[in-house]
Amino acid sequence: MTPAQLDIQLIAAVTAAACALPGVFLVLRRVSLMSDAISHAILPGLVLAFFVTENLASPLLIVAAAATGVLTVVLIEALSRTERVKEDAAIGIVFPILFSVGVILIARFASGVHLDVDAVLLGELAFAPFNRFEVGGVDLGPQALWVMGPILVLNLVFLAVFFKELKLSTFDAGLAAALGFAPGALHYALMTLVSVTAVGAFDAVGSILVVALMIAPPATAYLLTDRLTTMLGLSAGIGVLSAIAGYWTANLFDTSIAGAMATMAGVAFALTFAFAPERGLVAQAQRRRSQRRTFAEKMLTVHLLHHENTPQEERECRVPHLQEHLRWSPDFARLAVDAAVRDGYVLRDADRLSLTEPGRAWAQESMVD
Amino acid sequence: MLHDLLFDYTLRTVALGAATLGIVSGSLGTYAVLRGQSLLGDAISHAALPGVALAFMLTGSKAPLVLVIGAALAGWIGTLAVMTVVRRSRIPYDAALGMVLSVFFGFGLVLLVSVQRHPTGNQAGLDTFLFGQAAALVASDLVVMATLGVLALGVALLFWKEFKLLAFDDEFGASLGLPMRRLDILLTTLLVIAIVIGLQTVGVVLMSAILVAPAAAARQWTDRLGLMMGIAAFFGALAGAGGAILSATTARLPTGPTIVIFAGVLVVVSLLFAPQRGLVAAWLRARRNRTNLREIGVLEDLYTLALQHPTDPRHPHPVATLETMTAHPESVKAGLASLAERGFAEPIGEAQWSLTDAGFAAAAAIARNTRLEER
C-alpha cells in the first residue's frame, strides 16, 4: 500500500464517520432528505464566498456554505409554514432553485477557474492526497484530512455535550419542549452540523454521495439495534467499512471512489435488509414459517382432542382426513404431523394419530388461550 | 426573437423539447405533489443513472430511445426498492428515498466512470444525463420525447377516475374493489416516463423541480384536479420554453438551471397572487375581517346606547363613552369613520355620534341574528 492509498482511505474513513453521526439523527427524526437539500443548496454560498476570497481552500468557504445550508432549512420551513405547499414539495422546490443559482453563477462568472459543477456534485477522492497541508514548508498531511478531522471531532463533541437533549427531542419532541429543551434551537444546531459536515465532505465525495454516507449507514444500523448509542457506533463502523471496501472496489475496477463507497454502503444495507437477525427478510420469513407450523400443530392437537373417545375417532384421527377437515394440502398435513410427532405431542401409527399426555395438556391449554 | 423561434432549427427544437417536457412533467407532477410524493421524482431521476450507463454498456448504442429505456428500467427498479424497503422494514419513507437516490446514483457513477476510462467506448454525451444539455436536442430526440409524453398522458387520461381515487381516497378505491396497489405502480411508471423524458434536457439533479414546481404553483389557483393539471401543464410549458429560449439566446446561461429558476418564479408569483389561496389575498381578507369586526363592535355599542333612549333613537353619544365600552378603545374612531362611510352613523357636534336610520336597522338585524345564534 502506497502512502497515497493510505491517505485516501484515511480521508474516506474519517469522512464516512463524520457523515454517519449526524445522519443517525436525520434518519430517526425523519428528515433524511434535508441532507439531500442541504448538500445541493450550499453551492451558491460556496460560489459567492469563492468570489470574495478567490481561494478554494479558504475556511470562509465552509462558513458561507454552512450558512447557506441553514438558510435552506429556514426557507423550506418558511415555505411549508405558509400551509400552501407541503413540506416535501417545499424541499423539492427550494434546493433545486438554490442549486440552479449556484450553477448559473459559476457558468456566468467563474468559467475557467477551478470550480466546476462536476467537482461539486461528484467529488474526486483520488486527487485528495496531493493537496497537502503545509505550515512553514513542513508537510502535515493531506488538506482534506485537516478539514474532515476537525469536523468529525466537532460532531463527536456536539453529540457528547447534547446527547440527552438530542435523544429526548428525537424520541419525544413534546416532552423535550415541555421540559424547556428548546427543540427548535437544537434542530437548527443539528442542521448547522449537517451543513458543515456536507461542505467538508462534498470536496471529497461530492454532494450527492454525501447523502449516501449520511443516510445509508444509519439506516443499516437502524435494522440492527434498538439502542441509540449502539446505533451511533454501528453507523460510524458501517460507514468506515463501506468507505474502505469502496476504495478497494474502485481500485480493482479503476472507477470512481466516491461512487464505489456509496455503492458499498448500499450493499451493506441490502445485506442487512435481507439477513439482519431480527428484522431481516430471511428472519421475517423464518418467523412466519415457524408461527404457521406452531399454529398448525395446535390445530392438529385440538382436532385430535375433540374427537378423542368419540364414535368418530376412527374416521377423524387419520392423516388423510386432515385434508378434508382442516383443508390442509397433503404436504402441509405431513409437515404439521411430523412436527407434532417430533415435539412429542402426537403418536403416529401408520395413518392413525393419537395424542400423547403432553399433547393433550397442550391442546387444552391452547383452547383456553 | 419570434423570427428566430420560427426559423432557427436549434432554438425551435430546444424550445419545443423543453415545452413538451414541461407539459408532461407538469401534469404528472400534479399527482406526485397531491400524494405527498414530491421527492419520489428526485429519487427516480437519480436512480435512472445506472440504467443509462448499463444500456450503453450492453448495447454500445447512444440512441435516445435505448438510453431512455435503460433509464426508465433503473428508475422503476429504484422506486420498487423504495416501496419494498418501506413495506418490509421500519426504515422511514424519506430515508428509503434518500438511500435509493444516492446509492443508485453512486453505482451509476461507478459504471459511467469505468465506461469513460475504457479506451474502446465512444462514450461522449453520456454525462449530459448528469446536468442535461438542452442545446444538444435534435429532432429525433423530440420525436422520442413527444411519443413517450403522449403515451404517458394518454394512459393518465384513460385511468382518470382511478388515479383521482388513488390521490384522494385510496381506501375508498380499495373498498370498491379496484386494484389500488397495481394502480399505484402504474401511476409511478408514468412518473418514471415523465422523468426520463426530461433527463437529457435538464439532468438528474434538477429534474425533480420541473416535476414539483409547476404542480405546486398550479395548486394555488384551483381546488379542482382537472384544472390543476391543466394549469400545471401550462406552467410547465411556460417555464420549459421560457427557460430554454432565454438560455439559448444568452451566452453562458445553462438551460436546466434557467428552466428551474423560471419555474421557481412561477411558484413565488402563484403563492403571492393567486386569488383564493394567495398570501396577498389572505392578508387582504384578514385585514377586511379585522375592519369589519371593528365596525360591528362600534355599531353594536352605539345600538346599545341608542336603546337607552327609546323615544329618541338618534340621540348623540360622546366618543369617550364608546371608548369605555370596548376592549379596543384605540380602534373606536376608525370604526366610526368607516361606519360613517357606509352611512350607518353620523357625527353630531363636537365628538358626538349617533346612528342613522339605516345604521339602526343594520344594528337591530345583527342583534337579532346574534340572539338567534345563541338559541
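Computed from a predicted structure; not experimentally measured. (Residues numbered from 1 in each chain as written. Chains lettered and ligands numbered in written order. Predicted model: local features only at pLDDT ≥ 70, side-chain atom pairs only at ≥ 80, totals over all residues. Heavy atoms only, no water.)

1. Description of the overall build of chain B
Here's step 1: Counting its regular elements, chain B contains 16 helices and three strands.
Here's step 2: Against the 2.2 N^0.38 benchmark of 21 Å for 375 residues, chain B shows a C-alpha radius of gyration of 30 Å, more extended than a compact globule.
Here's step 3: Projected onto its principal axes, the C-alpha coordinates of chain B cover approximately 105 × 55 × 35 Å.
Here's step 4: A buried classification covers 52% of the 375 residues belonging to chain B.
Here's step 5: Across chain B, every contact between residues at least 6 apart in sequence was considered, and the portion connecting residues at least 24 apart equals 68%.
Here's step 6: Accessible surface, chain B: about 16800 Å² in total, of which carbon and sulfur atoms supply 65%.
Here's step 7: Charged side chains of chain B number 26 positive and 24 negative; the gap between the two group centres comes to 9 Å. (Helix = DSSP H or I, 4+ residues; strand = E, 2+ residues; numbered from the N terminus. Rg over C-alpha atoms; globule rule 2.2 N^0.38 Å. Buried < 20%, exposed > 50% of the residue type's maximum accessible area, 1.4 Å probe, protein only. Contact = heavy atoms within 4.5 Å. Areas by Shrake-Rupley, 256 points an atom, 1.4 Å probe, with all protein chains shown as cover. Lys, Arg positive; Asp, Glu negative; His and termini not counted. Charge placed at Lys NZ, Arg CZ, Asp CG, Glu CD.)

2. Comments concerning the interface of chain A and chain B
Here's step 1: With 60 residues of chain A at the contact, the number on the chain B side is 58 residues.
Here's step 2: Across the chain A to chain B interface the summed buried area is about 4800 Å²; carbon plus sulfur atoms make up 70%.
Here's step 3: By the criterion of area lost to chain B, the three top residues of chain A are A:Leu33, A:Arg84 and A:Arg108, representing 14% of everything that side buries.
Here's step 4: Taken together, the links from chain A to chain B amount to one salt bridge.
Here's step 5: Notably, a salt bridge pairs A:Asp226 with B:Arg90, separated by 2.8 Å at the nearest N-O pair.
Here's step 6: Looking at the side of chain A that touches chain B, the elements that each hand over two or more residues are helix H2 (32–53), helix H4 (87–109), helix H5 (117–122), helix H10 (207–222), helix H12 (257–275) and helix H13 (281–307) of chain A.
Here's step 7: Among the elements that make up the side of chain A that touches chain B, the one with the highest residue count is H4(A) (15 residues).
Here's step 8: Counted by class, the side of chain A that touches chain B contains 34 nonpolar, 13 polar and 13 charged residues. (Buried area = accessible area lost by both parts, 1.4 Å probe. Salt bridge = Lys/Arg side-chain N within 4 Å of Asp/Glu carboxyl O. Nonpolar A, V, L, I, M, F, W, Y, C, P; charged D, E, K, R; others polar.)

3. Brief notes about the confidence of the model for chain A
Here's step 1: Across chain A, pLDDT averages 87, with 95% of residues at or above 70.
Here's step 2: Mean pLDDT across the elements of chain A ranges from a minimum in H5(A), with 64, to a maximum in helix H11 (residues 228–253) of chain A, with 95. (pLDDT = per-residue confidence, 0-100.)

4. What about the nonpolar core?
Here's step 1: Core analysis: the largest hydrophobic core is formed by 190 residues, its most contacted members being A:Leu125, A:Val205, B:Ile91 and B:Leu199.
Here's step 2: The next biggest cluster of nonpolar side chains, apart from the first, holds 20 residues, and it includes A:Ala296, A:Leu305, A:Val319 and A:Phe332. (Core = buried A, V, L, I, M, F, W, Y, C linked by side-chain atoms within 4.5 Å.)

5. Remarks on the domain arrangement of chain B
Here's step 1: We note that the domain assignment places domain 1 (2–271) and domain 2 (281–374) within chain B.
Here's step 2: A C-alpha centroid distance of 58 Å is found between domain 1 of chain B and domain 2 of chain B. (Domains from an automatic or database assignment.)

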